[in-house]
Protein chains: 2
Amino acid sequence: MTTMKEIAQAAGVSVSSVSLVLNGRDSGRINPQLANRIRETAERMGYQPNVLARSLRTNRTYMIGFISVEVATTPYAGGMIQGAQDALSSLGYMLLTVNGDTEQALESEIRALKRYGVDGFLYSAMSNRVMTVPKSLAKFPLVLVDAAEETNRFPSIEPDEFRIGYDATTRLIEAGCSRIAYVGCAEPMVAQTGRLAGYRQALMDHGRGFDERLQCDVLNNGPALRAVEALFDTEQPNGFFCFNDARAWYVYETAARHGLAVGRDISVVGVDNHRVFAETLEPQLTTIELPHYEMGYWAANKLVSMIENRPLNEGDWPHTTAVMPLLDTPSPVKVHCTLIEKGSVRDTPTTA
Amino acid sequence: MTTMKEIAQAAGVSVSSVSLVLNGRDSGRINPQLANRIRETAERMGYQPNVLARSLRTNRTYMIGFISVEVATTPYAGGMIQGAQDALSSLGYMLLTVNGDTEQALESEIRALKRYGVDGFLYSAMSNRVMTVPKSLAKFPLVLVDAAEETNRFPSIEPDEFRIGYDATTRLIEAGCSRIAYVGCAEPMVAQTGRLAGYRQALMDHGRGFDERLQCDVLNNGPALRAVEALFDTEQPNGFFCFNDARAWYVYETAARHGLAVGRDISVVGVDNHRVFAETLEPQLTTIELPHYEMGYWAANKLVSMIENRPLNEGDWPHTTAVMPLLDTPSPVKVHCTLIEKGSVRDTPTTA
DNA sequence: GTGAAAGCGCTAACAA
DNA sequence: TTGTTAGCGCTTTCAC
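Residues numbered from 1 in each chain as written. Chains lettered and ligands numbered in written order. Predicted model: local features only at pLDDT ≥ 70, side-chain atom pairs only at ≥ 80, totals over all residues. Heavy atoms only, no water.

- An unreviewed UniProt entry annotates chain A as LacI-type transcriptional regulator originating from Bifidobacterium animalis subsp. lactis.

Some words on the sheet that holds strand 8 (residues 239-242) of chain B
Residues and elements named next belong to chain B.
Okay, so step 1: Overall, parallel pairing links the 5 strands, which are arranged 7-6-8-9-10 in an open sheet. Two strands bound the open sheet, and with one partner strand each, they are strand 7 (215-218) and strand 10 (286-288). Across the sheet, the mean angle separating the axes of adjacent strands is 15 degrees when strand polarity is ignored.
Okay, so step 2: Bridge count for strand 8 against strand 9 (residues 267-271) is 4 bridges, and the pairing is parallel. Bridged to F240 within strand 9 is V268.
Okay, so step 3: Relative to the sheet, helix 9 (residues 221-235) contacts strand 6 (180-185), strand 7 and strand 8, its axis offset from that of strand 7 by approximately 170 degrees. (Pairing = 2+ DSSP bridges. Helix = DSSP H or I, 4+ residues; strand = E, 2+ residues; numbered from the N terminus. Axes fitted to C-alpha atoms, helices over the stretch in contact; angles between N-to-C directions. Contact = heavy atoms within 4.5 Å.)

Comments concerning the nonpolar core
In summary, soluble globular proteins display a tendency toward joint burial of nonpolar side chains.
Okay, so step 1: Ranked by internal contacts, the top residues of the largest apolar core, which has 82 residues, are F240(A), F241(A), V251(A), F240(B) and V251(B).
Okay, so step 2: For V251(A), the contacting residues outside a window of four places in its chain are V183(A), V228(A), F232(A), F240(A), C242(A), I266(A) and V268(A). (Core = buried A, V, L, I, M, F, W, Y, C linked by side-chain atoms within 4.5 Å. Buried < 20%, exposed > 50% of the residue type's maximum accessible area, 1.4 Å probe, protein only.)

Quick notes on the pattern of salt bridges
Okay, so step 1: As enumerated under the stated definition, the model contains 26 salt bridges over all chains in all.
Okay, so step 2: As a salt-bridge pair, E161(A) and R195(A) come within 2.7 Å of each other at their nearest N and O atoms. Of this pair, E161(A) sits in helix 7 (residues 161-174) while R195(A) sits in helix 8 (residues 190-205), and the two are 34 residues apart along the sequence.
Okay, so step 3: Between E149(B) and R153(B) there is a salt bridge, with its nearest N and O atoms 2.8 Å apart.
Okay, so step 4: We classify R153(B) as partly exposed; its relative accessible area is 45%.
Okay, so step 5: Shared partners join several salt bridges into a network, and the residues in it are E229(A), E253(A) and R257(A). (Salt bridge = Lys/Arg side-chain N within 4 Å of Asp/Glu carboxyl O.)

Comments concerning the protein's contact with DNA strand D
Okay, so step 1: Every one of the 24 residues lining DNA strand D counts as a neighbour, but S16(A), N31(A), R57(A), Y47(B) and R57(B) are closest to it.
Okay, so step 2: The share of sugar and phosphate among atoms of DNA strand D within 4 Å of the protein is 62%.
Okay, so step 3: Taken together, the elements giving at least two residues each to the surface near DNA strand D come down to helix 2 (15-22) and helix 4 (51-58) of chain A together with helix 2 (15-22) and helix 4 (51-58) of chain B.
Okay, so step 4: In terms of residue count, the dominant contributor to the surface near DNA strand D is helix 4 of chain B (4 residues). (Near = heavy atom within 4 Å.)

Examining the UniProt feature "domain: HTH lacI-type" (unreviewed entry) in chain A
Okay, so step 1: Within the UniProt annotation, "domain: HTH lacI-type" (unreviewed entry) is assigned to residues 2-58 of chain A.
Okay, so step 2: Annotated as residues 2-58 of chain A, this span is 65% helix and 0% strand, and its ends, taken at the C-alpha atoms, are 21 Å apart. (UniProt positions renumbered as here; feature names shortened; annotations may be inferred.)

Points about the packing of helix 9 of chain B against helix 10 (residues 245-257) of chain B
Packed helices, taken two at a time, are described by the angle between their axes plus the distance between the axes.
Residues and elements named next belong to chain B.
Okay, so step 1: Relative orientation of the contacting elements helix 9 and helix 10 amounts to 55 degrees, with a least axis distance of 9 Å. In terms of their interaxial angle, helix 9 and helix 10 are classed as oblique. Helix 9 and helix 10 meet at a crossing whose hand is right-handed. Counted together, N221, A224, L225, V228, E229 and F232 of helix 9 and W249, Y250, V251, E253, T254, A255 and R257 of helix 10 form the full contact between these two elements.
Okay, so step 2: Taken together, the residues of the contact of helix 9 with helix 10 break down into 8 nonpolar, 2 polar and 3 charged. (Parallel < 35°, antiparallel > 145°, perpendicular 65-115°, else oblique. Left-handed = near helix turned anticlockwise from the far one by under 90°. Nonpolar A, V, L, I, M, F, W, Y, C, P; charged D, E, K, R; others polar.)

Structural notes on the state of the cysteines
Okay, so step 1: Scanning the model with the defined rule gives 0 disulfides over all chains in all.
Okay, so step 2: Between C242(A), a free cysteine, and C216(A), which holds the nearest cysteine sulfur, the sulfur-to-sulfur gap is 9.6 Å.
Okay, so step 3: For C242(A), a relative accessible area of 0% corresponds to the buried category.
Okay, so step 4: Between C177(B), a cysteine without a disulfide, and C242(B), which holds the nearest cysteine sulfur, the sulfur-to-sulfur distance is 12 Å.
Okay, so step 5: Note on C177(B): relative accessible area 3%, which makes it buried. (Disulfide = S-S within 2.5 Å.)

So, in structure tokens, the structure goes:
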């Protein structure tokens, strides 16, 4: 690794001149010719700045810590991390990923990140629980990804679950479904609360009542499958809004056993957490993909804007769309999800 | 952040003494009493070493770069990264994750990692292509994860695809299946080559021939489903080895349409890439989970052992098992996958 | 046993 | 306009 010192020697100038030039602070301070010579020399010698040495002096590392709690192994994390990486990469930052699945690991990883001098933190916890940010993070620049505290102390971003439920149900209504079931999760989930509320509101707004017999919350495997079969038998729904892939699968399996074809006899809208169904079922299944990538991307941009003390640019907003093909629309329809920034709500710009 | 200097002042000693003590190099150099006083002071003041400053001096950053090429968004990456993180965390290292999906991004991220002075690299590319390590990485400590070059220049780890195919097929044979189909991918995949070879070898070894009519390579969606339906109709297999979740789903869907029950009328073994089926189908589907976590874990340990110039410990080997419940075995059976270390092949120790 | 001092590569105040 | 100097926090040699 060539250093500034070596460049200074080769170019016959002092390190400070080299530093000024290579950091672009030379306007009106260094003779343009000299500056060019320095730049050339640096180029020729393949100079790469030692960011650690710089950090020591400036107290800025251009490193961001990404803490994930109980999400790293889920299929969601990959998208969020990649979104954050892509955003940070173009901003000249580096991402340090850790996971704090246990309370103890969490605190120790936070300490580690602090030792490495990260400029700020991204924090992501499974959004199906109420969460609290560790107090050890409270005084640092921090943005929550796919999570939010009740206190709204920190900027955060998460899908608009209510709207997902509302839009999905509306699509089913517009597709002509007369009996729309909700196939959800029997365990308490924050996401479900919002989606269910959206489902009910959409029914209301279209002059329909909520029928609790059409709400079918299940767990996994055999019992879940049998519960869905019972739903088919007793309620004969012709529209289904499914909490996730697993629930959508129970509907598919049951439909197949009953000789019903999805896309002809029944309509299904489901949130596609695992992406396997997009590959398998599309365009039969109407999938809603949660914008994990976009959330990571936005959160990283937001965090850096805080660190650098400047406003967020328009371009820092991700484009969030989900494909929703349905019975009556053979070609895919773009539907936008809403990202919520605590303190102020706005939609993401749509491309299509 | 309290510094060594502050501790030295508070304890009335010099920084060098503090450094020696806090790094455990004080035996026979510093008076034990003094050493204790220093340790206490550091403790009391909540001292955390500044790893960047240390790095500047020692040329060791205890940072590892994890480069993923076209894998970050797949469900696999999460497991590998978490495995690497867990291993590194206990070794006192930090993971910097980047992704190099395009050639250009790759080189620029590698340069970035070098600027940050990482001690070594983990490199992961989608294993369904022949890969070549960028020459910019050649002179650094490097371990390949879920990937391998033809040249065997670097340590690498990947699942033993042959053995997966062999074991899966053998299980189906032992479960009493007389006609075992292979439902694979119509696109060329390195993994498939090995699994198919294992499938054929297992048939051979049990005195059965390979019947190409039972090999059904499909793509996605409707066409794939119809191809599997045709397979059911014309060949009536009673055992299925599926390349991945999507292929397993086609079998399930078709079985349901034909009134056949998995686990009673037919047996299915499938590789579970997305983890959704483990939640949904188990224990009907016999799932093989690829040991991504374990590969990440092993690779990180291997890399650090190279960096620190010491042998790999027994404990650095991951425990790799996959659950394979089947028709005749209601309770799960542990089956071990094999990890391949280039240059020398050995099995991972099994717990169960 | 302990401390003074040099220096890792860089930035930034200050001199010239 | 350029160079000198100090120092970020730490390690390490070398005197004492």
